[in-house]
Amino acid sequence: MDFAQHTIDIASRNVTEGGRPFATVIVKDGEIVAESPNLVAQTHDPTAHAEILAIRQACTKLGTEHLTGATIYVLAQPCPMCLGSLYYCSPDEVVFLTTRDAYEPHYVDDRKYFELNTFYDEFAKPWNERRLPMRYEPRDAAVDVYQLWQERNGGERRVAGAPTTTRPA
């Protein structure tokens, strides 16, 4: 099966049904384990991006939060929210089928606090310089929750079984 074309077909069908032009297909061991179009327009859920929905579906089906061994096909370069989700699930590879520059003459997704072409720049700024108003309200009790988590996990700070990278000293 041509997984890239299948991703394009899902996105195209979503557009004809009133949805947005995005889709994701997750493949492991040569089989599709999850697939989804973007369902933001249909659900009114701003987190219902194709990548997030397919990742949820695949992780639930496989019984893990780690998609090691998987290849994830996405129609376009992932937005920062989806990129973060892709990093968290640790696939072997992400394949995107078009760039923002290529689709920008046909689709623009600018919002109150960002434009897609500057969205990544917002993340590099300190929290108090971002366009999204943020306020830091420190509470010691918030840190206590993490201390409780560490205590309940035998003193371990990391999530058990999470794929990690060994960095050179």
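Residues numbered from 1 in each chain as written. Predicted model: local features only at pLDDT ≥ 70, side-chain atom pairs only at ≥ 80, totals over all residues. Heavy atoms only, no water.

The chain carries the name tRNA-specific adenosine deaminase in an unreviewed UniProt entry, which gives Mycolicibacterium peregrinum as its organism.

**What to know about the UniProt feature "domain: CMP/dCMP-type deaminase" (unreviewed entry) in the chain**
Under the present numbering, the feature "domain: CMP/dCMP-type deaminase" (unreviewed entry) in UniProt falls on residues 1–127. Secondary structure content for residues 1–127 is 43% helix and 17% strand, while the C-alpha to C-alpha distance between its ends is 44 Å. (UniProt positions renumbered as here; feature names shortened; annotations may be inferred. Helix = DSSP H or I, 4+ residues; strand = E, 2+ residues; numbered from the N terminus.)

**Remarks on the nonpolar core**
Buried together is how nonpolar side chains tend to be arranged in soluble globular proteins. Among the nonpolar cores identified, the biggest contains 13 residues, and Ile 26, Ala 34, Ile 55, Ala 58, Leu 67, Ile 72 and Cys 89 are the most heavily contacted of them. Mapped by element, the contributors of at least two residues to this core are strand E2 (31–37), helix H3 (50–62), strand E3 (70–74) and helix H4 (80–89). In terms of residues, this core owes the most to one element, H3, which gives 4 residues. Core analysis: the second largest hydrophobic core is formed by 8 residues, Phe 3, Ala 11, Val 25 and Leu 75 among them. (Core = buried A, V, L, I, M, F, W, Y, C linked by side-chain atoms within 4.5 Å. Buried < 20%, exposed > 50% of the residue type's maximum accessible area, 1.4 Å probe, protein only.)

**A closer look at helix H6 (residues 116–124)**
Looking only at H6, the buried set comprises Leu 116, Phe 119 and Glu 122. Down the axis of H6, the smallest arc covering the buried residues is 70°, so these residues share one side. Opposite the buried face of H6, at more than 90 degrees from it, the exposed residues are Asn 117 and Ala 124. Considering only its buried residues, H6 is in contact with H4 and helix H5 (100–103). (Arc of directions from axis to C-beta. Contact = heavy atoms within 4.5 Å.)

**Observations concerning the pattern of salt bridges**
Within the structure shown, the criterion is met by 3 salt bridges. Here Lys 125 ties to Glu 122 by a salt bridge, and the two come within 2.6 Å at their closest N and O atoms. One salt bridge connects Arg 135 with Glu 137, and the closest N-O pair in it is separated by 2.7 Å. Owing to a relative accessible area of 40%, Glu 137 belongs among the partly exposed residues under this scheme. Here the salt bridges do not stand alone but share partners, grouping Arg 135, Glu 137 and Arg 139 into one network. (Salt bridge = Lys/Arg side-chain N within 4 Å of Asp/Glu carboxyl O.)

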